[in-house]
Structures are given as structure tokens and as C-alpha cells.
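# Descriptive structure summary
Letter by letter, the chains look like this.
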Amino acid sequence: FTADQQTKSLSSVLPFYQGFHGEKGGRKNCYGANGAYVYVKVPLGTLVKEDGEVVADLTQHGEEYVAAYGGAGGKGNRFFLSNENRAPMLGTPGEPGQERVLHLELKTTAHAGLVGFPNAGKSSLLRAISRAKPAVAAYPFTTLNPHVGIVHYQDYEQVAVADIPGLIKGAHQNRGLGVAFLKHIERCRFLLFVVDLSVPEPWIQLQDLKYELEQYGKGLSERPCVVIGNKIDLAESRTNLPLLKEQVAERVIALSALTGHNLEELLWHLRELYDTYVRTEQSRGQSPVKW
């Protein structure tokens, strides 16, 4: 397997791959050729598992993992040369390749993760700030798979934002869409909590979201973040906004994904979070993830 940043999903990976057997050894001192390489491209963030154990974690472009070794070529007639046999006519067949059953799991590698309950407006927001086209509808769980949108800046920097399918209470216990999508948040460097400002006591949503994240992985809820109060175009939201700011310590950005109101502030702060992440990684001597 080779990690390729141009590959965005596991949909192109086949369920079965067969390499090449080593070729038979021949006459004229000819050894059989080894089996040729077969490369399978997978997206960044792919976990390779065998019997439930992680054997490889491919997070960098060009990173490789040898899933199975091909067959060795057969021995040619020169191998059997001896004082008693000066002109051997023997050769050995090529050996078969190794067989393994592996499981691939993709954890979305994105800089930012949109985290919120169903119908909070995450998909609409991702559509508004990028060219991603997740499904949008007036009913919960319209997003069943993570979508990654790329936010482009004038200096050609690109920030990847993942729309994590809506969580519900008890998600860490595999309720609703469950831990299948909580896993994707693990790879996000910072979080965008999206709350629906139009509902009573919207800060309760933030508390519940942080609880689910913390129950799934300790420290997950403490990553750098911003709170996005969506649907500010509604009258109820404008009433709830000052109450939300009083209840939460994090920065609150009020906007409307539907009308585009105040998206500029989000894009500006998103770049701030990204630049801080890049500086932190470089200070540690590590390479930040680039798109």
C-alpha cells in the first residue's frame, strides 16, 4: 500500500489483489525473475489492520507498507553446477507469493472538523466555505459519510475541513451513527463546534458535544476550537446569541450558512487556527499536514 494525497477515499480499492508468482529458473545460467510489484494507492489516514490489530498507519504522502511479499524467482541451472554435474539441466519453479487478509479503515485526515448535532447546519456551512457538495435537507442524518472541503486562501494555502456526520447523545456508546464517525475527529487538528442558535439554551448542545468527545477519547474536547452559532438569520437566534456568549468561554462566531452572513469572520479565524497549528508542528521539528 502507498499513501497518495490525490486519493480521497477507499472506494477505488478492490476487495482482492493478486500479485505475480516468481518465474521459473531456466538454462544458460538464468535465474527466474522475482514477482513484480503491485502497488495499491490509498488515501492519507488509512489504517491497515490484521486480526483487529493495527499493523500500519499511513498518514504521509508516499509512505508505504508491504502488505504481502511476492514470490521469489526460481533457481537457474547454474545453481546445480558441481564437479559431478558439469552441465546441469535442472531448474526450480518460482515460489508463490505471500497471502494475507487485511482490513483497511480510513480516518479522515483534515485540519478542522465540523462537529455538531443533526440539522445544526454543518453541511450547509461546508458548502458555503468550500466547493464540497454534501447533501443538504430539512431532516436529520442527511450526511452519512464524512465530506472534506478545501478552503482556498489568496496565498495558496489550503485548509481542509471535514463535515463529520451528526452526533447524538450516547454516540460514544455507538448510538446513532456511533463511533464510526467519532474516529474521524481523532485526526482533526482543531474543531469547529456548530450549534443551532435557534433552539432554546443552545449552550447545552456544546456541553453535550464535548461530553461525547471526552467519553470517546480523553483530551479530544480540549483541542483548539471555536464555537459557531449558526442560523443567526432567525429571530430566535438573535435573542439567544448574547445568552450563549455568557455561558461559554470559547470564542463564538455567529453566522448564517444559508445567507452567507459573517462567513468572513469564520474564514479569518479558521486561518488563525491553521497558522497556529503549522507553527506548533514546525517548532516540534515535524511537518504539518498540507493539502
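Basis of the calculations
Residues numbered from 1 in each chain as written. Predicted model: local features only at pLDDT ≥ 70, side-chain atom pairs only at ≥ 80, totals over all residues. Heavy atoms only, no water. UniProt positions renumbered as here; feature names shortened; annotations may be inferred. Buried < 20%, exposed > 50% of the residue type's maximum accessible area, 1.4 Å probe, protein only. Helix = DSSP H or I, 4+ residues; strand = E, 2+ residues; numbered from the N terminus. Pairing = 2+ DSSP bridges. Right-handed = clockwise from strand over helix to strand, strands pointing away. pLDDT = per-residue confidence, 0-100. Contact = heavy atoms within 4.5 Å. Patch = residues over 30% accessible without salt bridge, like charges linked within 9 Å, V, L, I, M, F, W, Y side chains within 5 Å. Areas by Shrake-Rupley, 256 points an atom, 1.4 Å probe, with all protein chains shown as cover. Salt bridge = Lys/Arg side-chain N within 4 Å of Asp/Glu carboxyl O. Phe/Tyr/Trp six-rings, centres within 6.5 Å; stacked < 30°, edge-to-face > 60°. Axes fitted to C-alpha atoms, helices over the stretch in contact; angles between N-to-C directions.

Under an unreviewed UniProt entry, the name given to the chain is MTG2 GTPase, and the organism recorded is Formicarius rufipectus. Of the comments in the UniProt record for the chain, the one headed Sequence similarities (unreviewed entry) reads "Belongs to the TRAFAC class OBG-HflX-like GTPase superfamily. OBG GTPase family."

### Details of the pairing of strand β10 (residues 225-230)
Along β10, six of the six residues are buried, which leaves the element largely enclosed by surrounding structure. With burial as the criterion, each face of β10 is covered, one bearing Cys225, Val227 and Gly229 and the other bearing Val226, Ile228 and Asn230. The sheet contact formed by strand β9 (residues 190-196) and β10 spans six bridges and is parallel. When the sheet's bridge partners are listed, Val194 is paired in β10 with Ile228. Traced from β9 through helix α3 (residues 203-216) to β10, the parallel crossover comes out right-handed. Pairing analysis gives three bridges linking β10 to strand β11 (residues 252-254), with the strands arranged parallel. Residue Val227 lies in a different strand from β11, and its bridge partner there is Val252. Read as a crossover between parallel neighbours, the route from β10 over helix α4 (residues 235-247) to β11 is right-handed.

### Comments concerning the confidence of the model for the chain
Looking at the chain as a whole, the pLDDT averages 81, with 76% of positions reaching at least 70. Low pLDDT, under 50, characterises residues 137-144; the stretch is placed with 20 contacts to residues that sit more than four places away or in other chains. Ignoring residues within four places in sequence, the model shows residues 170-178, a span with pLDDT below 50, making 21 contacts including any to other chains.

### Structural notes on a nonpolar patch on the surface
A cluster of nonpolar side chains, Leu14, Tyr17, Phe20 and Val38, forms an exposed patch at the surface whose accessible area comes to about 390 Å². Along the chain, Phe20 turns up in the loop between β1 (2-3) and β2 (41-42).

### A look at the pairing of strand β6 (residues 112-115)
Both faces of β6 are covered, namely the face carrying Ala112 and Leu114 and the face carrying Gly113 and Val115. Of the strand pairs in this sheet, β6 and strand β8 (residues 158-163) are connected by three bridges, and their pairing is parallel. What sits directly across from Gly113, in β8, is Ala162. Here β6 pairs with β9 via four bridges, running parallel. Across the sheet, the residue bridging to Ala112 is Phe190, located in β9.

### A short note on the packing of aromatic side chains
Tallied over the full model, the rule gives two aromatic pairs. With centroids separated by 6.1 Å and ring planes inclined at 50 degrees, the aromatic side chains of Tyr37 and Tyr39 adopt a geometry described as tilted. In terms of burial, Tyr37 and Tyr39 fall into one category: exposed. Seen from their ring centres, Tyr274 and Tyr277 are 6.4 Å apart, and the 50 degrees between their planes marks the pair as tilted. Remark: Tyr277 and Tyr274 occur in helix α5 (residues 263-283); sequence separation between them is three residues, near one turn of the helix. Overall, Tyr274 belongs to the buried group, its relative accessible area being 0%. Of the residues examined, Tyr277 reaches a relative accessible area of 8% and is grouped as buried.

### Some points on the sheet that holds β11
Taken in spatial order, the six strands line up as β7-β8-β6-β9-β10-β11 in an open sheet, and their pairing is mixed. Taken across any chain shown, the strands that pair with only one partner, and hence form the sheet edges, are β7 (147-152) and β11. Averaged over all pairs of adjacent strands, the angle between their axes in this sheet comes to 25 degrees, without regard to strand direction. Strand contacts of α5: β6, β7, β8, β9, β10 and β11, with the helix running at about 155 degrees to β9, the strand carrying the most contacts.

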